[in-house]
Amino acid sequence: MAEESVKKLSSDGVISGREKNIFAPAEYITRAEATVLITRAFSSKLHEKGKSEFDDAKGHWAYEYIDVLYSNGIINGISKEKFAPDEYITRQDFACMVYRMANKTADLDSENISEHSFADDAEISAYAKKAVYSLRKKEIINGMADNMFCPKNNITRAECAVLTDKLVKFAESVE
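The sections below set out a description of the structure shown in this document. (Residues numbered from 1 in each chain as written. Predicted model: local features only at pLDDT ≥ 70, side-chain atom pairs only at ≥ 80, totals over all residues. Heavy atoms only, no water.)

1. Considering the overall build of the protein
Tallying secondary structure elements over the protein gives 6 helices and 0 strands in all. The helix and strand sequence of the protein, counted from the amino end, reads α-α-α-α-α-α. Taken over C-alpha atoms, the radius of gyration comes to 15 Å for the protein, in line with the 16 Å a tight globule of 175 residues would show. Taking the principal axes of the C-alpha coordinates as reference, the protein spans close to 45 × 35 × 30 Å. Roughly 9,000 Å² of accessible area belongs to the protein as shown, and the carbon and sulfur atoms make up 48% of that amount. (Helix = DSSP H or I, 4+ residues; strand = E, 2+ residues; numbered from the N terminus. Rg over C-alpha atoms; globule rule 2.2 N^0.38 Å. Areas by Shrake-Rupley, 256 points an atom, 1.4 Å probe, with all protein chains shown as cover.)

2. Things to note about the nonpolar core
Counting 52 residues, the largest nonpolar core has Ile-38, Phe-42, Ile-74, Phe-94, Met-97, Val-132 and Leu-135 as the members making the most contacts within it. When residues of this core are traced back to their parent elements, those giving at least two are helix H1 (2-11), helix H2 (31-41), helix H3 (63-71), helix H4 (91-103), helix H5 (126-137) and helix H6 (157-174). Ranked by residues supplied to this core, first place goes to H4 with 8 residues. Beyond its immediate sequence surroundings of up to four residues, Phe-94 is in contact with Ala-34, Leu-37, Ile-38, Ile-89, Ile-155, Cys-160, Leu-163 and Thr-164. (Core = buried A, V, L, I, M, F, W, Y, C linked by side-chain atoms within 4.5 Å. Buried < 20%, exposed > 50% of the residue type's maximum accessible area, 1.4 Å probe, protein only. Contact = heavy atoms within 4.5 Å.)

3. Some points on unusual backbone geometry
The phi dihedral of Asp-146 falls on the positive side, at around 60 degrees, and the residue is not glycine. As for its position among the elements, Asp-146 is in the loop between H5 and H6.

4. Description of the packing of aromatic side chains
One pass over the full model with this rule turns up 5 aromatic pairs. Taken together, a centroid distance of 5.7 Å and an interplanar angle of 25 degrees make the contact between Phe-118 and Tyr-133 stacked. Residue Phe-118 is located in the loop between H4 and H5, and its partner Tyr-133 is located in helix H5; the two are separated by 15 residues in the primary sequence. A relative accessible area of 5% means that Tyr-133 is categorised as buried. Through a chain of ring-to-ring contacts, three or more aromatic side chains come together here, namely Phe-54, Tyr-70 and Phe-83. We note Arg-136 situated over the ring of Phe-118; from NZ or CZ to the ring centre the distance is 3.9 Å. (Phe/Tyr/Trp six-rings, centres within 6.5 Å; stacked < 30°, edge-to-face > 60°. Lys NZ or Arg CZ within 6 Å of the ring centre and 35° of its normal.)

5. Considerations on H4
An ideal rise of 1.5 Å per residue puts 18 Å on 13 residues; H4 measures up with 18 Å between its terminal C-alpha atoms. Across the 13 residues of H4, 10 count as buried, placing the element largely inside the fold. Along H4, the residues classified as buried are Arg-91, Gln-92, Phe-94, Ala-95, Cys-96, Met-97, Val-98, Tyr-99, Met-101 and Ala-102. Elements that come into contact with the buried residues of H4 comprise H2, H3, H5 and H6. (Expected span 1.5 Å × (residues − 1).)

6. Topic: the side chain of Lys-166
Examined against the element boundaries, Lys-166 turns out to sit in helix H6. Look at Lys-166: it is buried, it has no salt bridge, and the nearest opposite charge is Glu-139 at 7.5 Å. Apart from residues lying up to four places away in sequence, Lys-166 is in contact with Met-1, Glu-139, Ile-140 and Asn-142. (Lys, Arg positive; Asp, Glu negative; His and termini not counted. Salt bridge = Lys/Arg side-chain N within 4 Å of Asp/Glu carboxyl O.)

7. Examining the packing of H2 against H3
Contact geometry for H2 and H3: axes closest at 9 Å, N-to-C directions at 65 degrees. It follows from the interaxial angle that H2 and H3 lie roughly perpendicular. Crossing handedness for the pair H2 and H3: left-handed. Contact residues: Thr-35, Val-36, Ile-38, Thr-39 and Arg-40 in H2; Tyr-65, Ile-66, Val-68 and Leu-69 in H3. When its residues are assigned to classes, the contact of H2 with H3 shows 6 nonpolar, 2 polar and 1 charged. (Axes fitted to C-alpha atoms, helices over the stretch in contact; angles between N-to-C directions. Parallel < 35°, antiparallel > 145°, perpendicular 65-115°, else oblique. Left-handed = near helix turned anticlockwise from the far one by under 90°. Nonpolar A, V, L, I, M, F, W, Y, C, P; charged D, E, K, R; others polar.)

Structure representation (C-alpha cells):
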C-alpha cells in the first residue's frame with residue numbers, strides 16, 4: 001500500500017525522495033518535512049498566511065510551509081517559541097496534524113470515538129487522543145500489530161505517505 005501512495009503523491013508533486021530515485025520509506029520524517037507534505041497536498045485549502053512565532057523556524061528552508069500551516073491552525077510547536085523543524089515527528093503528533101487538516105474538510109469533532117481503543121491507549125498523550133481515535137473511526141489511520149498505535153514512535157516516510165494519501169481521499173469523498 002505504501003508504494004501505491006508514494007507513487008500517487010510523487011506524481012502529484014506532493015512528495016519527493018531523499019535523493020534522485022531513492023524514497024527511503026523506512027527513514028523517519030522530520031517535523032518540517034511533514035509540514036511540507038501536508039501543505040503541498042492541501043495547498044488549495046490553506047489560505048491564511050501570517051507570521052509564526054517559532055524562533056527556530058525563522059530562516060529554515062521550510063519556514064513558509066510552517067508559517068502557512070501554523071496560520072491555518074494545523075500545527076503547533078513543541079512550545080510557544082519552538083517548532084523543532086529538524087526533529088523527527090511522532091506518530092501521535094502527525095495524527096494531530098492530519099486530524100486538524102481533516103477537520104477543515106469535515107466536522108470530526110462531532111464523532112463519538114469512545115469505542116475504538118488501541119491496546120496502548122494509556123501511552124497516547126491526552127492532547128492526541130481525540131485526533132487518533134477520530135482518524136481511526138474514519139479509517140484514515142490504523143494501528144500496528146497487536147492493536148497497538150505506538151504513539152511516541154517516530155513516524156516513517158512510508159507511513160506519512162499512506163496517511164496523507166488516505167487524508168486526500170477522505171477530503172475528496174466529503175467534498
